[in-house]
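Understanding the architecture of this molecule
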Amino acid sequence: MARVRRYLGRVEIWLDKRERAALIDTVEALAESPDASGPWLTHRAYEDPGLDREYQRLTGPELAVLHEADLAAVREDLQRGHDRCRVDDERALAWLRALNRLRLVAGGRLGITEDGWEDTLGPQVAAADELAMLSDLGWLQEGILHALEPSL
Amino acid sequence: MCGASPDASAEGRLGYPLGVPVESPVRREAPARDATTVRDLPWNVVVWNDPVTLMTYVVLVFRRLFGYNQETATRLMLQVHNEGRAVVATQPREQAEVSVTRLHAFGLQATLAKG
């Protein structure tokens, strides 16, 4: 089972070979999602359509580059092939952003639209791969969040 | 007269050369309330609930981006969760837009609204 801890001012993410492989599969399954513009991935800034268009024009490319860089950081760390991945706080934040984005993709695919969805899962959703991905990514995210707490 | 005479080459606190005659100030109409003034009005940074993002993650983002302590960040997160939205900062428009972009970078739903 993956473990995350803070050690000597850094965040250590421990994942064995099987866990790394599973996480890489999850990243690839969700990152290249055709529904990457799902309900929780688009970010409106203004109610006014004109202002929002201008905002999207100015910030869209920058945000896309950041999201891609976050995912690249996770991929790179996983592909090093070590059980222990030791990262500084900025890199840990990149992991958090990437994991969160992947969860949002999974949530979109599962059709999650409201709080309390855990209590009203239909059988199809309960059996979906994305539900397990959502859970695993959340567990890892919680570990990193906990490890970052002392730095706040 | 006590003390030294004003030195014509020295400047006063408001930048006028001391000892040099200056014209009397002329009363002018105050500038109309223009676009600059409007732009400087505070804008609210509003964060909206989504059912997927972890609550603990939202707290961390609020703490990192706005420097809130754990208590304030948690209160705002719970307001987002329970009421669907919360104003997390009130700032000049340019700054508010930067805050919204940073929230978007962390994957949160955030918008700007005139304060």
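Remember, it's a predicted structure, so these values are computed and weren't measured experimentally. Each residue is numbered by its place in its chain's sequence as written, counting from 1. Each chain takes a letter, starting from A, and each ligand takes a number, starting from 1, following the order in which they are written. Given that this is a predicted model, residues contribute local features only at a pLDDT of at least 70 and side-chain atom pairs are listed and counted only at 80 or more, while totals for whole chains, interfaces and linings are drawn from all residues.

**Some details on the overall build of chain B**
As a reminder of what qualifies: Each helix is a run of H or I in the DSSP string that is no shorter than four residues. Each strand is a run of E no shorter than two, and both are numbered from the N terminus. Each residue is classed by its C-beta neighbour count within 10 Å, where at least 20 other C-beta atoms makes it buried, 12 or fewer makes it exposed, and intermediate counts make it partly exposed; the C-beta atoms are placed from backbone geometry. Here, residue contact means that the backbone-derived C-beta atoms of the two residues sit within 7 Å.
The helix and strand inventory of chain B stands at four helices and three strands. The N-to-C order of helical and strand elements in chain B reads α-β-α-α-β-α-β. Relative to its 115 residues, chain B shows a buried fraction of 28%. A sequence separation of at least 24 residues applies to 60% of the contacts in chain B between residues at least 6 apart.

**Some remarks on the confidence of the model for chain B**
Residues and elements named next belong to chain B. Rule in force here: Every residue gets a pLDDT, meaning the predictor's confidence in that residue, from 0 to 100.
Of all residues in chain B, 66% have pLDDT values of 70 or greater, and the mean over the chain is 81. A low-confidence stretch, residues 1-18 stays under pLDDT 50, and its non-local contacts, those more than four residues away or across chains, total 15 contacts. Scored as a complex, the prediction yields pTM 0.82 and ipTM 0.92.

**A closer look at helix H2 (residues 55-66) of chain B**
Quick note on the threshold: Every helix has an expected span of 1.5 Å times one less than the residues it contains.
End to end, H2 of chain B covers 16 Å across 12 residues, agreeing with the expected 16 Å (1.5 Å per residue, within 8%). Turning to H2 of chain B, the residues buried within the fold contact helix H3 (89-110) and helix H5 (129-148) of chain A together with helix H3 (70-83), strand E2 (85-92) and helix H4 (93-105) of chain B. Looking one or two places after H2 of chain B, you find glycine 67 of chain B, whose phi comes out positive at around 70°.

**Brief notes about the interface of chain A and chain B**
To keep things clear, this is the line we draw: In this count, Pro and Cys sit with the nonpolar residues alongside Ala, Val, Leu, Ile, Met, Phe, Trp and Tyr, while Asp, Glu, Lys and Arg are called charged and the others, Gly among them, polar.
The partner chain B presents 18 residues to the 26 residues of chain A that form the contact. Put simply, the parts of the chain that give the side of chain A that touches chain B at least two residues each are helix H2 (49-79), H3 and H5 of chain A. Ranked by residues supplied to the side of chain A that touches chain B, first place goes to H3 of chain A with seven residues. Residue composition of the side of chain A that touches chain B, by class: 12 nonpolar, seven polar and seven charged.

**Some details on the sheet that holds strand E1 (residues 3-7) of chain A**
Within a sheet, adjacent strands bond to each other through the backbone by hydrogen bonds, running parallel or antiparallel. All names here are of chain A. Basically, it comes down to this: For two strands to be treated as a pair, DSSP must find no fewer than two bridges joining them. To get an axis, a line is fitted to the C-alpha atoms, and for a helix only the part in contact is used. The angle between two axes follows their N-to-C directions and goes from 0 to 180 degrees.
Read from one edge to the other, the open sheet built from three strands follows the order E1-E2-E3, with strand pairing classed as antiparallel. Only two strands of the sheet have a single partner each, and these edge strands are E1 and strand E3 (84-87). Within the sheet, the average angular offset between the axes of one strand and its neighbour, ignoring direction, is 20°. Bridge analysis of E1 against strand E2 (residues 10-14) gives five bridges, and the strand direction is antiparallel. Across the sheet, arginine 3 pairs through a bridge with tryptophan 14, a residue of E2.

**Description of the sheet that holds strand E3 (residues 109-114) of chain B**
All names here are of chain B. Pairing in this open sheet of three strands is antiparallel, and the strands run E2-E1-E3 from one edge to the other. Of all the strands in the sheet, just E2 and E3 have a single pairing partner and so form its edges. Pairwise comparison of adjacent strand axes, ignoring direction, gives a mean angle of 30° for this sheet.

**Here's the deal with the nonpolar core**
Note the threshold: We call a set of buried Ala, Val, Leu, Ile, Met, Phe, Trp, Tyr and Cys residues a nonpolar core when their C-beta atoms link them within 7 Å.
In terms of nonpolar packing, the biggest core is built from 56 residues, with Trp95 and Ile144 of chain A together with Val58, Val61 and Phe62 of chain B touching the most fellow members. By residue number, the principal contributor to this core is H3 of chain A, which donates 12 residues. Sequence-distant contacts of tryptophan 95 of chain A, that is, excluding residues within four places in its chain, are made with Ala73, Val74, Val87 and Ile144 of chain A.

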